[in-house]
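Residue-level structural notes
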Amino acid sequence: MKKLNFIFLGSMAFLLFSCNKSDDYQSVDSYPNVEATFATTIDLNNLANYANQPIPNYITKDNSTANPITNKGATLGRVLFYDKNLSSNNAISCASCHQQANAFSDVVVASAGINGSTGRHAMRLINSRFSVESKFFWDERAASLEIQTTQPIRNHGEMGFSGTSGDQSFSDLITKLSTIGYYKELFKYVYGTEDITEGKIQLALGQFIRSIQSFDSKYDAGRALAANDGQPFTNFTAQENQGKNLFLTPPTFDATGNRTGGGLGCAGCHAPPEFDIDPNTKNNGIIGTIGSNVIDVTNTRAPSLRDLVKADGTTNGPMMHTGVITSLQAAIGHYGTINIAPGNTNLDPRLTPNGFGQHLNLTATEVNAVIAFLKTMSGTNVYVDSKWSSPFSN
């Protein structure tokens, strides 16, 4: 996979240079199709700030270096992300499955595509930039976010430009987009030429998705005042600080996997302050598949734990790749008792102390404290900021 990623990034070098260089290209006085289509949502003379958003100084992870975010590139990515023209029947966009109102996820277990439904629950896209993870999709089959962005478009069930099963091919999509006036103008605006390629689409979508960030939570307010995560946060309640301590502290186990002390050890896989998934993590014991009795042990990636719920505590849809978890209590309960299922050859060893599925023996007080802490990670701006909303009027 590393070799594939290198080849991809090498092939993108010229396009990336062009995309960054184009921020100095200021001729925006004649884009009639863009102006007519996005008159109230996009002003090419006054672009939204994607490239220089404030990032807390305690955040150190950043996977955008191979495709730096630019205001122009992310603006194009926003249009592509919300445009139903990217599906073969003009019915589905990326945003159909990754909805701003739900932390760029979906409230249904399997999202609707043009020829059925998706095989896994739509992953939240919050803070995807701030992660050491280099591979994408639940099963990590894409070597980069850029490669990932066009795979749903190429999928027969999702957006329908697969080139199989009677579908048109991706080149047909390129032809389709090349006839749309605002794409001629936007690609010239960003890249200096009207030519549309899959690589350019990937770069723009990657920039837009990585721009989606959430750092206005109660957790962030507390972390900004603390020297490290281990200190009590002065803005937290006693319950929230207890939950944070349980989240951070590794558990101690007896010889048969029963917790005898310590915390829950959640940070072993979801380290603060980014709360992204450790890329060396194996599966968490959930090996089901949507609509099938076949087990799948390959799902080892997860989104950041930020914005699991909205600020009011309501969920952003179900959790896990099967959508089988529908509440924070159920999520904690899953890790409270890990059963080693027959056939699960890829279960993370951190969940099997001394070879036994862990039993955390949680009390109601502990569960409620961890839930309270998880809720502190939810912000508000990401749900309403216009720069991540649809640029289309309908």
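Residues numbered from 1 in each chain as written. Predicted model: local features only at pLDDT ≥ 70, side-chain atom pairs only at ≥ 80, totals over all residues. Heavy atoms only, no water.

Description of the packing of aromatic side chains
As a reminder, the rule being used: A pair of Phe, Tyr and Trp rings is counted when the ring centres sit within 6.5 Å of each other, with Trp represented by its six-membered ring. The angle between the planes then sorts it: under 30 degrees is stacked, over 60 is edge-to-face, the rest tilted. Working rule: Lys NZ or Arg CZ, within 6 Å of ring centre, within 35 degrees of ring normal, means a charge sits over the ring.
If you walk through the whole model with that rule in mind, you get 20 aromatic pairs. Ring plane angle 70 degrees and centroid distance 5.3 Å describe the contact between Phe81 and Tyr82, whose orientation is recorded as edge-to-face. With 4.8 Å between their ring centres and 50 degrees between their planes, Tyr182 and Tyr183 make a pair best called tilted. One aromatic cluster is present, formed by Phe38, Tyr182, Tyr183, Phe187, Tyr191 and Phe392 through successive ring pairs. Sitting above the plane of the Trp388 ring, Lys387 keeps its charged end 4.4 Å from the centroid.

Considerations on the layout of surface pockets
What counts is decided by this rule: Cavities and pockets are found on a 1 Å grid laid over the protein atoms alone: a cavity is a set of points where a 1.4 Å probe fits but cannot escape, a pocket is an open set with protein on both sides within 12 Å along at least five of seven lines, and a lining residue has an atom within 4 Å of such a point. Grid points are joined across faces, edges and corners, and a volume is the space filled by probe spheres set on the points. Secondary structure is summarised from DSSP: a helix means a run of H or I of at least four residues, a strand means a run of E of at least two, and numbering begins at the N terminus for each. Throughout, the ten residues Ala, Val, Leu, Ile, Met, Phe, Trp, Tyr, Cys and Pro are labelled nonpolar, Asp, Glu, Lys and Arg are labelled charged, and all others, Gly among them, are labelled polar.
In this structure, the largest pocket spans a volume of roughly 870 Å³. Residue lining of the largest pocket: 47 residues in total, with Cys269, His270, Asn284, Leu305 and Tyr335 positioned closest to the centre. When residues of the lining of the largest pocket are traced back to their parent elements, those giving at least two are helix H10 (238-248), strand E3 (251-253), helix H11 (328-336) and helix H12 (364-375). Ranked by residue count, the leading element in the lining of the largest pocket is H11, at four residues. Residue classes in the lining of the largest pocket are distributed as 28 nonpolar, 14 polar and five charged. Estimates place the volume of the second largest pocket at around 620 Å³. What lines the second largest pocket is a set of 40 residues, and nearest its centre among them are His98, Met123, Phe137, Gln148 and Pro152. Those elements giving two or more residues to the lining of the second largest pocket turn out to be helix H4 (94-97), strand E1 (112-113), helix H5 (145-150) and strand E6 (276-277). With three residues, the single largest contributor to the lining of the second largest pocket is H5.

Structural notes on H12
Stated formally: To estimate how far a helix should reach, multiply one less than its number of residues by 1.5 Å. Accessibility here uses a 1.4 Å probe with only protein chains present; expressed as a share of the type maximum, an area under 20% marks a residue as buried, one over 50% as exposed, and anything in between as partly exposed. A contact between two residues is defined here by any heavy atoms of the two lying within 4.5 Å.
Between the first and last C-alpha of H12 there are 17 Å, a value that for twelve residues agrees with the 16 Å anticipated at 1.5 Å per step. Where H12 is concerned, the buried positions are Glu366, Val367, Ala369, Val370, Ile371, Ala372, Phe373 and Leu374. Residues of H12 that are buried in the fold lie against helix H9 (218-223), H10, strand E4 (259-262) and H11.

Considerations on the side chain of Ser64
To keep it simple, the criterion reads: Two N or O atoms form a polar contact when they lie within 3.5 Å of each other; inside protein one atom must be a possible hydrogen donor and the other a possible acceptor, and for residues adjacent in sequence the pair counts only when both atoms belong to side chains.
Mapping Ser64 onto the fold places it in the loop between helix H2 (32-37) and helix H3 (71-82). Reaching out from Ser64, the side chain makes a polar contact with the side chain of Asp62 at a distance of 2.6 Å.

Examining the packing of H3 against helix H8 (residues 198-211)
Here is the rule: Axis angles are defined between N-to-C directions and span 0 to 180 degrees, where every axis is a line fitted to C-alpha atoms and, for a helix, only to the segment in contact. The scheme is simple: roughly parallel for angles under 35 degrees, roughly antiparallel for over 145, roughly perpendicular for 65 to 115, oblique for anything else.
Direction vectors running N to C along H3 and H8 enclose 95 degrees, while the axes themselves pass 7 Å from each other. Considering their axes alone, H3 and H8 lie roughly perpendicular with respect to each other. Of the residues in H8, those touching H3 at Gly73, Ala74, Leu76, Gly77, Arg78, Leu80, Phe81 and Tyr82 are Ile201, Ala204, Leu205, Gln207, Phe208 and Ile209. Each residue belonging to the contact of H3 with H8 can be placed in one class, and the counts come to ten nonpolar, three polar and one charged.

Here we look at the nonpolar core
Under the convention used in this document: For the purposes of this section, nonpolar cores are sets of buried Ala, Val, Leu, Ile, Met, Phe, Trp, Tyr and Cys residues that join through side-chain atoms within 4.5 Å.
Formed by 55 residues in total, the largest nonpolar core has its most connected members in Phe81 and Tyr183. When contributions to this core are tallied by element, the ones reaching two or more residues are H3, H4, H5, helix H6 (170-178), helix H7 (181-191) and H8. If one sorts the elements of this core by residue count, H7 sits on top with seven residues. Residues Leu305, Ala331, Ile332 and Val367 belong to the second largest nonpolar core, which totals 27 residues.

Structural notes on the confidence of the model for the chain
As a note on interpretation, predicted positions should not be read in detail where pLDDT is low. Threshold: Summary of the metric used: pLDDT quantifies the predictor's per-residue confidence within the range 0 to 100.
This prediction gives the chain a mean pLDDT of 93; 92% of its residues lie at or above 70. Ignoring residues within four places in sequence, the model shows residues 21-26, a span with pLDDT below 50, making twelve contacts including any to other chains.

Quick look at the pattern of salt bridges
Rules: For this document, the term salt bridge refers to a Lys or Arg side-chain nitrogen within 4 Å of an Asp or Glu carboxyl oxygen.
Using the criterion set out here, one finds 16 salt bridges in the structure. Note that Arg154 is salt-bridged to Glu198, the shortest N-O span being 2.7 Å. Residue Arg154 is located in the loop between H5 and H6, and its partner Glu198 is located in helix H8; the two are separated by 44 residues in the primary sequence. Note that Asp229 is salt-bridged to Arg223, the shortest N-O span being 3.3 Å. The burial state of Asp229 is the same as that of Arg223; both residues are buried. Within the structure, one salt-bridge network assembled from shared partners comprises Arg120, Asp139, Arg141 and Asp296.

With respect to the pairing of E4
Note on strand geometry: in a regular strand, side chains alternate between the two faces of the sheet. What counts, and what does not: At least two DSSP bridges between two strands are required for those strands to pair.
Direction of pairing for E3 relative to E4: antiparallel, over a ladder of three bridges. Bridge pairing links Phe253 to Arg259 in E4. Turn length for the E3-E4 hairpin, with the two strands adjacent in sequence and antiparallel, is five residues, and the turn residue Gly257 shows positive phi of about 85 degrees.

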